[in-house]
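Coordinates in review
What follows is the residue order along each chain.
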Amino acid sequence: QVQLVESGGGLVQPGGSLRLSCLVSGSIFGIDAMGWYRQVPGNQRELVAEIDRDGFADYKESVKGRFAISRDAAKKTGYLQMNNLKPEDTAVYYCSAEIIITWWPRQTNTYWGQGTQVTVSS
């Protein structure tokens, strides 16, 4: 019943920008942490950015200063703003979220989206 749907991927030239969105649907109590990951065929999936329950964000070193993660609790949506994109950013990007299933005790389950392709090429 709980689903994560990414959008906003596509083809962009080097130096361009994209904004990815992750909409959480279904009957939930709330959203704890959210994160964005990416994967190139043949490589391991890697963490790009994450935001915790307090709003603190952390980034992969190579995207610092270029990417920004955020979320809107009312819209149940997470975002990844990507600026000054480079060819090495090309990958399938995945959204992940810790969904709150009970408040007492506090418990969460992890959910993943299906991914969206980002291609940076001239």
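The structure contained in this document is the topic of the report that follows.

How each quantity is defined
- Residues numbered from 1 in each chain as written.
- Predicted model: local features only at pLDDT ≥ 70, side-chain atom pairs only at ≥ 80, totals over all residues.
- Heavy atoms only, no water.
- Helix = DSSP H or I, 4+ residues; strand = E, 2+ residues; numbered from the N terminus.
- Buried < 20%, exposed > 50% of the residue type's maximum accessible area, 1.4 Å probe, protein only.
- Polar contact = N/O pair within 3.5 Å; in protein donor to acceptor, adjacent residues only side chain to side chain.
- Contact = heavy atoms within 4.5 Å.
- Core = buried A, V, L, I, M, F, W, Y, C linked by side-chain atoms within 4.5 Å.
- Disulfide = S-S within 2.5 Å.

A few words on the side chain of arginine 66. By the element assignment, arginine 66 lies in the loop between strand S6 (57-59) and strand S7 (67-72). By relative accessible area, which is 10% here, arginine 66 ends up buried. A distance of 3.0 Å separates a polar side-chain atom of arginine 66 from the backbone oxygen of asparagine 84. In terms of polar contacts, arginine 66 uses its side chain to reach the side chain of aspartate 89, at 2.8 Å. Apart from residues lying up to four places away in sequence, arginine 66 is in contact with Gln81, Met82, Asn83, Asn84, Leu85, Lys86 and Asp89.

As a further point, take the nonpolar core. Membership of the largest hydrophobic core comes to 26 residues, with the highest contact counts inside it found for Phe67, Leu80, Met82 and Tyr93. Taken together, the elements giving at least two residues each to this core come down to strand S3 (18-25), strand S4 (30-39), strand S5 (46-51), S7, strand S8 (77-82), strand S9 (91-103) and strand S11 (116-120). If we ignore the near neighbours within four places in the chain, the residues touching methionine 82 are Gly16, Ser17, Leu18, Leu20, Arg66, Phe67, Tyr93 and Val118.

Summed over the entire model, instances satisfying the criterion amount to one disulfide. The disulfide that involves cysteine 22 links it to cysteine 95, with 2.1 Å between the sulfurs. Across the S-S bond of cysteine 22 and cysteine 95 the torsion is about -85 degrees, and the bridge reads as left-handed. Of the two residues, cysteine 22 is situated in strand S3 and cysteine 95 in strand S9; the sequence distance between them amounts to 73 residues. As far as burial versus exposure is concerned, cysteine 22 and cysteine 95 are alike and both buried.

Geometric descriptors of this kind do not, in isolation, establish any biological role.
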